[in-house]
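A structural walkthrough
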Amino acid sequence: MTEPRPRKTGSKPIESITFDEIDQRILEMLQKDSDTPIQAISEAVGLSTNPCWRRIKRMEEAGLIKKRVVLVDQTRANVPLTVFIGISTSRHEIDWLNRFRDLIDEIPEVVEAYRLTGTVDYILKVVVPDMASYDAVYKQMIQRLEFSQVNSMISMEELKFTTAIPTNYL
């Protein structure tokens, strides 16, 4: 089986493109279900299929639509435990940051990571089957890099989860 060709995105500067209310509605529909047929989208926004398709392509070329993905149910994938890890470090050099990026890239259980302002330097979202698996992730991290503080917070309940971002700022 051949690998699918990566979608070309971001070839036009987004500042040079204007988006209107129809673009917002198209994007909202695609964020809810990226498999929505062009015909259904075009009917919902009051366009014929070709202009609707061109608008979607324009948003892809501008890099506004990065990619289309499948959302996997965490529990059914046997990774029901979500742990947020607050990391503080006394090391603030580019070399350390690059090693940290390499480390979290190599750990598939780390599904999100952010560099922050304030008392915590980084926050990671980790999904694992159980505490023993989280402990293995923790040990892998502290074995490779030095942290001044690691604070783990276990999620008891997911109150809101969405990948959709607001479109009203376009």
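So, how was this worked out
Residues numbered from 1 in each chain as written. Predicted model: local features only at pLDDT ≥ 70, side-chain atom pairs only at ≥ 80, totals over all residues. Heavy atoms only, no water. Phe/Tyr/Trp six-rings, centres within 6.5 Å; stacked < 30°, edge-to-face > 60°. Helix = DSSP H or I, 4+ residues; strand = E, 2+ residues; numbered from the N terminus. Buried < 20%, exposed > 50% of the residue type's maximum accessible area, 1.4 Å probe, protein only. Patch = residues over 30% accessible without salt bridge, like charges linked within 9 Å, V, L, I, M, F, W, Y side chains within 5 Å. Areas by Shrake-Rupley, 256 points an atom, 1.4 Å probe, with all protein chains shown as cover. Salt bridge = Lys/Arg side-chain N within 4 Å of Asp/Glu carboxyl O. Polar contact = N/O pair within 3.5 Å; in protein donor to acceptor, adjacent residues only side chain to side chain. Contact = heavy atoms within 4.5 Å. Pairing = 2+ DSSP bridges. Axes fitted to C-alpha atoms, helices over the stretch in contact; angles between N-to-C directions.

**Notes on the packing of aromatic side chains**
Counted by the stated rule, this structure contains 6 aromatic pairs. Ring centres 4.7 Å apart and planes at 45° place the aromatic pair Phe100 and Tyr122 in the tilted group. Remark: Tyr122 occurs in strand 3 (residues 122-128) and Phe100 occurs in helix 4 (residues 94-106); sequence separation between them is 22 residues. Each of the two residues, Phe100 as well as Tyr122, counts as buried. Ring pairs connect the aromatic residues Trp96, Phe100, Tyr122 and Phe147, which therefore count as one cluster.

**Quick look at a nonpolar patch on the surface**
A cluster of nonpolar side chains, namely Val69, Leu71 and Phe161, defines an oily patch on the protein surface of about 300 Å² accessible area. Structurally, Val69 can be placed in the loop between helix 3 (49-61) and strand 1 (81-88). The partly exposed category is assigned to Val69, whose relative accessible area is 49%.

**Some remarks on the side chain of Ser42**
Considering the arrangement of structural elements, one finds Ser42 in helix 2 (residues 38-45). For Ser42, a relative accessible area of 1% gives the class buried. A distance of 2.9 Å separates a polar side-chain atom of Ser42 from the backbone oxygen of Gln39. Once residues within four sequence positions are removed from consideration, Ser42 is found in contact with Leu47, Ser48, Thr49 and Cys52.

**What to know about the sheet that holds strand 1**
One open sheet holds the 4 strands; their spatial order is 2-3-1-4, and the pairing between them is antiparallel. With one partner strand each, in any of the chains shown, strand 2 (110-115) and strand 4 (149-154) form the two edges of the open sheet. The sheet shows a mean angle of 20° between the axes of neighbouring strands, taken without regard to direction. Across 6 bridges, strand 1 lies against strand 4 in antiparallel orientation.

**A word on the environment of Glu93**
Counting through the fold element by element, Glu93 comes out in the loop between strand 1 and helix 4. Only 3.0 Å separates the side chain of Glu93 from the side chain of Arg91, close enough to count as a polar contact.

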